[in-house]
Amino acid sequence: MNYKKGFFLLCIFFVLFISWAVKISIEEDPINVTYNAEYAQSSNLDLHFLKALSTDQLETLFPKQKLIDSIAFENPKELDRIVNQTLGLIQGDSMQVYRFFVKSIFEEIILKNDRIVEYSPEHLLHQIYVAENFKKYGENNEAARIYTSAIADLYFQRVSNKLEIAQQNEKSLVNKFSFQYLVQRCRENNYFPNRKETSIDKFMKTFLENDYFHLINTTIQKTTILQKIIIVCFLLFTTLGCLQTFHFIIKILIKNAKEK
Amino acid sequence: MPKKNKIISLLVAFQLTLPLLLSGQFDQKLVKFDFREIDGNPYGIIKLYMKNERIKVKYFASKDESGIPIMERFNEWAFNKKLVLVSSGTYYYYPNKNNRNKNTVLPVGICIDNGKVINKSTETNLGGLAMVYPSGKITVENLKDKSITIRQKNGNSANLNLADPFDKNLFFKWAEDVRATVFQTHLFAYKNQLLIGQNSNSYKDYRRFLAVCTTSNGELVHYIINLPFNSTILDGSSKAIDYLRQIEHVKDIAFIINLDTGAQNTLFSYHPKSGTPLPNPNFSGTKTMKDAINLIAYYYE
């Protein structure tokens, strides 16, 4: 192999590296980050029939579907009014009432919304806004905090799970602005969607951490025979290409020195 | 000086220095180092006897809210402590794959550091929930059991299901109240049951486990089992259990959790008298402390 071929191989390697670097840069992906509170201000629920009932009967008698259909449940102030009204009517432990609202109503609501299977940044952003509203309401209302923070956490956990699943299904999503924005909003609320690493990610991570023993150990174990042959050939050609290039440079230098 | 006074002075000086000479770093009856070669494989074992609660646990889960890295936090805390051993803890990841700065890493799964909530996201693949109390005790619960036991400030126990959003919120509130440190990790064995199936990951690597057992005498002993040879998680944890049963003859295995040996393969064991790190590779890791993202430390008090 002469120096021209070695140099040509180096150029190919360089071009591949640059195209990979360009690929991993952030892709433009517009997302509407403004939020219009379109939830109903009032649910018009009549709860007087709950008077003197026990908390066990809430599950069967509370008009859950009417509350869900009114979308007033996304209004923390209206929900708090309904919760306090229920607490005033029902005979029983207040913690069981809070638990009923969080589990039986919100988990059912969240499950209903989760029928949106595809990655939808606007839908997830809406859930984040609802969660933040509940969290903020709880920070200003000590009595309501115990269940509003649970509702907020429920929404954030769901969004976090959806982001993880979406990223697993489409690896290129991590480069999109909308995805990174949603992840950042979750992180601000102590929810960190785990990013599953690809084999190349793990390779780069181990290489950049100078963990060469681990790198070689993993490469030997996880690559097929064909992949091992390709790696060895790649290293061999790169080394030969570098040697040829250095040889060429030294020849030029010597030639220039002789001419002088 | 008269001869009699000289003798008295020497005796007094000897009496004053003798306790200092004998005290050392920690009580050697409470920490034992053992090395075995079983089927050609090296096993480095550190046994920590927890009776009288002289040996305690501290966990550093993450850099703190002002961004002070783990090593600095650890050095500040360890300044006047009698260290027994320090090891890397659980898994971490880079949230931005284009930024491999170690200051950006995050712990995987639920993470609370001294009552401060770091990460509320539950990692479904890590079934072990470890809780380190300010008193220096560590307990591990199996998240898949759907009921974890917590110890409240008044000493009462409570059962919570972290799959329930309401209970999960109570759990975070409890952790803030008692200033607990909580992290998720791989749980390999729980209440005498091996939890790893045949279809587990076949990747081989060096392994390190923390096993908490009760001996036949009813003593609580923590074992750091260091396996500096390539094994799968099933193979490694099976070997650890076999060692505990057949060689240590433990009565019960409360839990066995994983201690990360990948890029943060940090393990320092300290000499009982001088307090200097032991150089023996069976009781030490391959990385320095500054490579660790989180740390579990055993100390004597």
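None of the values given here were measured: they were computed from a predicted structure.

Colleague: Would you explain the overall build of chain A in this entry?
Modeller: The helix and strand inventory of chain A stands at 11 helices and 0 strands. In chain A, the succession of helices and strands from N to C terminus is α-α-α-α-α-α-α-α-α-α-α. Across the 260 residues in chain A, those meeting the buried criterion constitute 41%. For chain A, the share of sequence-separated contacts (at least 6 apart) that also reach a separation of at least 24 residues comes to 75%. In the structure as shown, chain A presents an accessible area of about 15400 Å², 63% of it carried by carbon and sulfur atoms.

Colleague: Can you walk me through the nonpolar core in this structure?
Modeller: Proteins that are soluble and globular tend to have nonpolar side chains buried together. Counting 55 residues, the largest nonpolar core has Leu48, Leu210, Leu244 and Tyr298 of chain B as its most contacted members. Ranked by size, the runner-up nonpolar core spans 50 residues in total, among them Phe73, Tyr129, Val130 and Leu163 of chain A.

Colleague: Looking at this model, I keep getting lost on the pattern of salt bridges. Mind explaining?
Modeller: One side chain can pair with another of opposite charge once the charged atoms of both are near each other. Residue and element names in this part refer to chain B. Here the structure, examined in full by the defined rule, presents 18 salt bridges over all chains. Its salt-bridge partner being Glu248, residue Lys47 comes within 3.1 Å of it at the nearest N-O pair. Of this pair, Lys47 sits in strand E2 (residues 41-49) while Glu248 sits in the loop between helix H4 (233-246) and strand E18 (252-258); the two residues are 201 residues apart in sequence, bridging distant segments of the chain. Across this residue pair, the class does not change: Lys47 and Glu248 are buried.

Colleague: Before we go on, may I ask you to explain unusual backbone geometry in this structure?
Modeller: Excluding glycine, a negative phi dihedral is what most residues carry, and trans is how most peptide bonds are arranged. Residues and elements named next belong to chain A. For Asn190, which is not glycine, the phi torsion reads 65° and is therefore positive. Secondary-structure assignment places Asn190 in the loop between helix H8 (177-188) and helix H9 (199-208). The class of Asn190 is partly exposed, set by a relative accessible area of 22%.

Colleague: Would you mind going over the confidence of the model for chain B with me for this structure?
Modeller: Note that predicted coordinates carrying low pLDDT should not be read in detail. For chain B, mean pLDDT is 87; residues scoring 70 or higher make up 92% of the total. What the predictor reports for the complex is a pTM of 0.80 with an ipTM of 0.76.

Colleague: Help me understand the sheet that holds E18 of chain B in this model?
Modeller: For sheets, the rule is that strands pair by backbone hydrogen bonds, running either parallel or antiparallel. With respect to topology, 7 strands assemble into an open sheet ordered E1-E2-E17-E16-E18-E14-E15 (chain B), the strand pairing being antiparallel. One side of each edge strand has no neighbouring strand; the edge strands of this open sheet are strand E1 (31-38) and strand E15 (193-194) of chain B. One ladder, built from 6 bridges, connects E2 of chain B with strand E17 (residues 220-231) of chain B; its direction is antiparallel. Residue pairing for E17 of chain B: Ile46 of chain B is matched across the bridge by Ile224 of chain B. In the packing of helix H10 (residues 212-222) of chain A onto the sheet, the strands contacted are strand E16 (205-214) and E17 of chain B, and the crossing angle to E16 of chain B comes to about 100°. Each of E1, E2, strand E14 (187-190), E15, E16, E17 and E18 of chain B touches H4 of chain B; the most contacted strand, E17 of chain B, lies at about 140° to it.

Colleague: So what exactly am I meant to see when it comes to the confidence of the model for chain A here?
Modeller: The share of residues in chain A with pLDDT of 70 or more is 83%, and the mean pLDDT across the chain is 80. No element of chain A has a lower mean pLDDT than H9 of chain A, at 70, and none a higher one than helix H6 (residues 121-140) of chain A, at 91.

Colleague: Hey, could you run me through the interface of chain B and chain A in this one?
Modeller: Contacts between the two partners involve 36 residues from chain B and, on the opposite side, 40 residues from chain A. With both sides pooled, the region where chain B packs onto chain A buries about 3300 Å², and carbon together with sulfur makes up 46% of that total. For the pair chain B and chain A, the interface holds 3 salt bridges. In this structure, Arg99 of chain A and Asp164 of chain B form a salt bridge, with 3.5 Å as the shortest nitrogen-oxygen distance.

Colleague: Where do I start with the environment of Ile241 of chain B in this structure?
Modeller: All names here are of chain B. On the secondary structure map, Ile241 appears in helix H4. You can call Ile241 buried: its relative accessible area is 15%. Spatially, the C-alpha atoms of Ile241 and Ile253 are 8.4 Å apart, while their sequence positions differ by 12 residues. Filtering out sequence-adjacent residues up to four positions away, Ile241 remains in contact with Ala189, Leu194, Ile253 and Ile256.

Colleague: What's the story with the pairing of E1 of chain B in this structure? I'm lost.
Modeller: Within a regular strand, the side chains alternate between the two sheet faces. Residue and element names in this part refer to chain B. Note that E1 and E2 share 8 bridges and pair antiparallel. Residue pairing in the sheet places Lys32 in a bridge with Lys47 of E2. From the end of E1 to the start of E2, which pair antiparallel, there are 2 residues, and Asp39 there has a positive phi angle of about 55°.

Colleague: Got a minute to help me understand the packing of aromatic side chains in this structure?
Modeller: Each aromatic ring pair is characterised by the separation of its centres together with the angle its planes make. According to the stated counting rule, one finds 22 aromatic pairs over all chains in the structure shown. The interplanar angle of 55° and the centroid separation of 6.3 Å between the aromatic rings of Tyr119 of chain A and Phe179 of chain A together place this pair among those described as tilted. With a gap of 60 residues between them, Tyr119 of chain A in the loop between helix H5 (94-113) and H6 and Phe179 of chain A in helix H8 connect regions that are remote in the sequence. Centroid distance Tyr43 of chain B to Phe229 of chain B: 6.0 Å. Interplanar angle 45°. Geometry classified as tilted. Placement of the pair is Tyr43 of chain B in strand E2 and Phe229 of chain B in strand E17, with a sequence separation of 186 residues. By the burial criterion, Tyr43 of chain B is buried, and Phe229 of chain B matches it. Counting every residue linked through ring pairs, the aromatic cluster contains Phe60, Phe74, Trp77 and Tyr299 of chain B. The aromatic ring of Phe172 of chain B is capped on one face by Lys120 of chain B, whose charged end is 5.5 Å from the ring centroid. The residue whose ring lies beneath Arg151 of chain B is Tyr133 of chain B, and the NZ or CZ to ring-centre distance is 4.7 Å.

Colleague: So what exactly am I meant to see when it comes to helix H7 (residues 142-169) of chain A here?
Modeller: Each turn of an α-helix holds 3.6 residues, which means side chains three or four residues apart point in the same direction. Counted at 1.5 Å a residue, the expected span for H7 of chain A with its 28 residues is 40 Å, and the 41 Å between its end C-alpha atoms agrees. The element H7 of chain A is largely enclosed, with a buried count of 20 among its 28 residues.

Calculation criteria
Residues numbered from 1 in each chain as written. Chains lettered and ligands numbered in written order. Predicted model: local features only at pLDDT ≥ 70, side-chain atom pairs only at ≥ 80, totals over all residues. Heavy atoms only, no water. Helix = DSSP H or I, 4+ residues; strand = E, 2+ residues; numbered from the N terminus. Buried < 20%, exposed > 50% of the residue type's maximum accessible area, 1.4 Å probe, protein only. Contact = heavy atoms within 4.5 Å. Areas by Shrake-Rupley, 256 points an atom, 1.4 Å probe, with all protein chains shown as cover. Core = buried A, V, L, I, M, F, W, Y, C linked by side-chain atoms within 4.5 Å. Salt bridge = Lys/Arg side-chain N within 4 Å of Asp/Glu carboxyl O. pLDDT = per-residue confidence, 0-100. Pairing = 2+ DSSP bridges. Axes fitted to C-alpha atoms, helices over the stretch in contact; angles between N-to-C directions. Buried area = accessible area lost by both parts, 1.4 Å probe. Phe/Tyr/Trp six-rings, centres within 6.5 Å; stacked < 30°, edge-to-face > 60°. Lys NZ or Arg CZ within 6 Å of the ring centre and 35° of its normal. Expected span 1.5 Å × (residues − 1).

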